[in-house]
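Each chain is listed here by its residues.
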Amino acid sequence: IPHARFVSPNEIRRDFCAALSSMYRLEVPLYGELIDLVNDVNERVKERGGSWETSARLGVERHGAIRLGRPSELAFIARFFATLGMYPVGYYDLSTSGVPVHATAFRPISSSALEANPFRVFTSLLRPELISDPMLRQQALDILAKREIFHPRVRELVTMAERQGGLGEDEAKDLVQFGLETFRWHETAFVDQATYRKLDQAHPLVADIVGFRGPHINHLTPRVLDIDTAQRDMIRREIPAKQIIEGPPARQCPILLRQTSFQALTEAIRFPGGEGLGAHRARFGEIESRGVALTPKGHDLYMKLMDELKRVEAHIENNDEHQANLQKVFARFPDSWKSLRKDRLAYFTYSLAFTSIGPGTPRSLEDLIDDGIVTVTPIVYEDFLPASAAGIFQSNLGSSSGSRSPTPEESSSSTESSKVVFEEALGQTTIDYFELYEQIQQKSLDTVRRLTGGVVP
Ligand code: OOG
Ligand code: NI
């Protein structure tokens, strides 16, 4: 039991997320516009009573993304996020899509922490071995070795939190305030103009990571209840939206994650020593709608149908056509909560609708559900989709040139071995999200079983 004088990690996370949102609103005014648009759509959806999921967390729910350069930066940010109750879930290898990074998502993991505030940060780490020019690779490593992305007070507070098991009120406030520094935008590059150009030619992402003194937050995504309407609203308001909504189609029973974004802004940057102006594209806006978490079996079906879609359409720019194609292909993915549950394609929690059930109660779980005694609730997908992430990266970066994708041999064996490298940098293993959903489902079943006297199989 944590000491009473400590602020709960849920509270620190909530405060940090709110502070980050305020900072980003000032940095990127278009983000504020997007938030207004999303709130507007969510209100309309709630009015027509048409959402499967309307929990209190909706209005404050955000995910962000940062890109780190050095293994030691990843190791420390893991400790920082732990003080906010966020842990590394999932491993995403983006090199298979030609993006020279791999990643995890820091997020809360228990149902109660997710309900308190589900803030997540998609955190990438540069893979310098994918910079093909060895001279430039070495130069990038030398530059990264010289930077310090954390405020000294943050280092102090994280160490203190680990030692004493938490932070007091003033310390938690400082952690939020000085923690923001790592996520802040710097208009002045960390490198001279010629170096910036070389890094940018290798890959725009390399310039974004190595060229600056910190891993500025590059987007902060709210959750929207009707992403198709939101996409149309973006276009109507002349927000430069990405063409295609990534992920599965609209459904009666939404699955996984659908995302769209507005393209990265071209921002003026300066170089040290007043060397003149440059332009950089990093920061963008994104919105997402979340559905039910799928089991490995459900994920496999999802991947299979997405592969089939690729055969139907090679490259598509028209979202209406794309959505129509998706609808056709996904007709084979069951679209009722009952079938998703019975086919074990998705995860659910089970709870008792009444505090006690009388004698003569039906005995099977299915009977209890049919009689309304046990309530079934879909578990929200809290994670990311590598293919969508790659699509978002690419739509914001233009084409890559000097960085290379792994060769096929590297690729097949590389995801497992690069995961080991990533986890070594992280200082811990990443958590398997299927296991988390499975545990949440199982725990709820155990409780129902206990409350019904163990009659439920
Ligand atoms: C991260 C992109 C991944 C998502 O929602 O899939 C992501 C990045 O561009 O750094 O945020
Ligand atoms: Ni995102």
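In this text, all values refer to a predicted model and were calculated from it rather than measured experimentally.

About the criteria used
- Residues numbered from 1 in each chain as written.
- Chains lettered and ligands numbered in written order.
- Predicted model: local features only at pLDDT ≥ 70, side-chain atom pairs only at ≥ 80, totals over all residues.
- Heavy atoms only, no water.
- Helix = DSSP H or I, 4+ residues; strand = E, 2+ residues; numbered from the N terminus.
- Rg over C-alpha atoms; globule rule 2.2 N^0.38 Å.
- Contact = heavy atoms within 4.5 Å.
- Lys, Arg positive; Asp, Glu negative; His and termini not counted.
- Charge placed at Lys NZ, Arg CZ, Asp CG, Glu CD.
- Pairing = 2+ DSSP bridges.
- Axes fitted to C-alpha atoms, helices over the stretch in contact; angles between N-to-C directions.
- 1 Å grid on protein atoms, 1.4 Å probe; cavity = no way out; pocket = protein on both sides within 12 Å on 5 of 7 lines; lining within 4 Å.
- Points joined across faces, edges and corners; volume = space filled by probe spheres on them.
- Nonpolar A, V, L, I, M, F, W, Y, C, P; charged D, E, K, R; others polar.
- Core = buried A, V, L, I, M, F, W, Y, C linked by side-chain atoms within 4.5 Å.
- Buried < 20%, exposed > 50% of the residue type's maximum accessible area, 1.4 Å probe, protein only.
- Polar contact = N/O pair within 3.5 Å; in protein donor to acceptor, adjacent residues only side chain to side chain.
- Near = heavy atom within 4 Å.
- Areas by Shrake-Rupley, 256 points an atom, 1.4 Å probe, with all protein chains shown as cover.
- Sits in = over half its atoms within 2 Å of the grid points.
- Donors = N, O, S within 2.8 Å, 3.2 Å for Na, K, Ca; no water.
- pLDDT = per-residue confidence, 0-100.
- Phe/Tyr/Trp six-rings, centres within 6.5 Å; stacked < 30°, edge-to-face > 60°.

As for the overall build of the chain
Then, in step 1: Across its full length, the chain carries 17 helices and eleven strands.
Then, in step 2: For the chain, the C-alpha radius of gyration of 23 Å lies close to 23 Å, the compact-globule estimate for 457 residues.
Then, in step 3: Each of the three principal axes of the chain carries a C-alpha extent, and together these read 80 × 60 × 45 Å.
Then, in step 4: Counting only contacts in the chain whose residues sit at least 6 apart along the sequence, the fraction spanning at least 24 positions is 75%.
Then, in step 5: Distance from the positive charge centre (53 side chains) to the negative charge centre (61 side chains) of the chain: 1 Å.

Considering the sheet that holds strand 3 (residues 101–107)
Then, in step 1: Strands sit in the order 2-3-4-1-5 across an open sheet of five strands; the sheet is mixed. What marks the edges here is a single partner per strand, and that holds for strand 2 (87–93) and strand 5 (220–222). Neighbour to neighbour, the strand axes of the sheet diverge by 20° on average, direction disregarded.
Then, in step 2: With six bridges joining them, strand 3 and strand 4 (residues 120–126) adopt antiparallel strand pairing.

Looking at the layout of surface pockets
Then, in step 1: Size it by volume and the largest pocket reaches roughly 1100 Å³.
Then, in step 2: Around the largest pocket, the lining is made up of 33 residues, and of these Glu246, Lys310, Ala387, Ser388 and Gly391 lie nearest the centre.
Then, in step 3: For the lining of the largest pocket, the elements supplying multiple residues, two or more each, are helix 11 (296–312), helix 15 (386–397) and helix 17 (433–451).
Then, in step 4: Counting residues per element, the lining of the largest pocket draws most heavily on helix 11, at nine residues.
Then, in step 5: Split by residue class, the lining of the largest pocket holds 16 nonpolar, ten polar and seven charged.

Description of the nonpolar core
Then, in step 1: In this structure, Leu94, Phe122, Val210, Tyr302, Phe330 and Phe333 are the most contacted members of the largest nonpolar core, which totals 71 residues.
Then, in step 2: With near-sequence residues (within four places) excluded, Phe333 lies in contact with Arg251, Ile255, Leu294, Gly298, Leu301, Tyr302, Leu305, Leu340 and Leu345.
Then, in step 3: In this structure, Leu20, Leu58, Val158 and Val224 belong to the second largest nonpolar core, which totals 61 residues.

Overview of the side chain of Thr123
Then, in step 1: Along the chain, Thr123 turns up in strand 4.
Then, in step 2: A polar contact of 3.1 Å, which involves the side chain of Thr123, links it to the backbone oxygen of Val121.
Then, in step 3: Among all residues touching Thr123, those that are not within four sequence positions of it are Ile66, Leu68, Leu74, Ile77, Phe81, His102, Ala103, Thr104, Phe106 and Phe422.

Side note on the site of ligand 1
Then, in step 1: What surrounds ligand 1 is the set His63, Ala65, Arg67, Phe122, Asn218, His219, Gln259, Phe284, Glu286, Phe384, Ala389 and Phe393.
Then, in step 2: Here an oxygen atom of ligand 1 sits 3.1 Å away from a polar atom, N or O, in the side chain of Asn218.
Then, in step 3: Its free accessible area being 320 Å², ligand 1 has 100% of it covered by the protein chains.
Then, in step 4: Under a 2 Å grid-point criterion requiring more than half of the atoms, the pocket assigned to ligand 1 is the largest cavity.
Then, in step 5: Secondary-structure elements contributing two or more residues to the shell around ligand 1 are strand 1 (62–68) and helix 15.
Then, in step 6: For the shell around ligand 1, the element with the most residues is strand 1, which contributes three residues.

Observations regarding the environment of Lys146
Then, in step 1: The topology assignment puts Lys146 in the loop between helix 5 (134–145) and helix 6 (152–164).
Then, in step 2: Classification of Lys146 by relative accessible area gives exposed; the value is 64%.
Then, in step 3: Sequence spacing of Lys146 and Phe190 is 44 residues, and the spatial spacing of their C-alpha atoms is 9.9 Å.
Then, in step 4: Filtering out sequence-adjacent residues up to four positions away, Lys146 remains in contact with Arg70 and Phe190.

Observations concerning the coordination of the nickel ion (ligand 2)
Then, in step 1: Bound to the nickel ion (ligand 2) are the protein donor atoms His63 (NE2), His219 (NE2) and Glu286 (OE), situated 2.1 Å from the metal.
Then, in step 2: Look at where the donors of the nickel ion (ligand 2) fall in the sequence and you get H-x155-H-x66-E. Placement of His63 in strand 1 and of Glu286 in strand 9 (residues 285–290) is noted, with a sequence separation of 223 residues between them.

Topic: the confidence of the model for the chain
Then, in step 1: With 91% of its residues at a pLDDT of at least 70, the chain reaches an overall mean of 90.
Then, in step 2: In this model, residues 399–412 is a region of pLDDT below 50 whose contacts with residues beyond four sequence positions or in other chains number 22 contacts.

Some points on the packing of aromatic side chains
The geometry of an aromatic ring pair is captured by two quantities: the separation of the ring centres and the angle between the planes.
Then, in step 1: All chains considered together, the criterion is met by 24 aromatic pairs.
Then, in step 2: Residues Phe16 and Phe119 carry aromatic rings whose centres are separated by 6.4 Å and whose planes lie at 50° to one another, so their mutual orientation is tilted. Here Phe119 lies in the loop between helix 4 (111–116) and strand 4 and Phe16 lies in helix 1 (residues 9–27), a separation of 103 residues in the sequence. You'll find Phe16 and Phe119 in the same group, each marked buried.

Looking at the environment of Ala116
Then, in step 1: Mapped onto the fold, Ala116 is located in helix 4.
Then, in step 2: Looking at Ala116, the relative accessible area reads 37%, which means it is partly exposed.
Then, in step 3: In this structure, the C-alpha to C-alpha distance between Ala116 and Val421, residues 305 residues apart in sequence, is 33 Å.
Then, in step 4: In contact with Ala116, not counting residues within four places along its chain, are Asn10 and Arg13.

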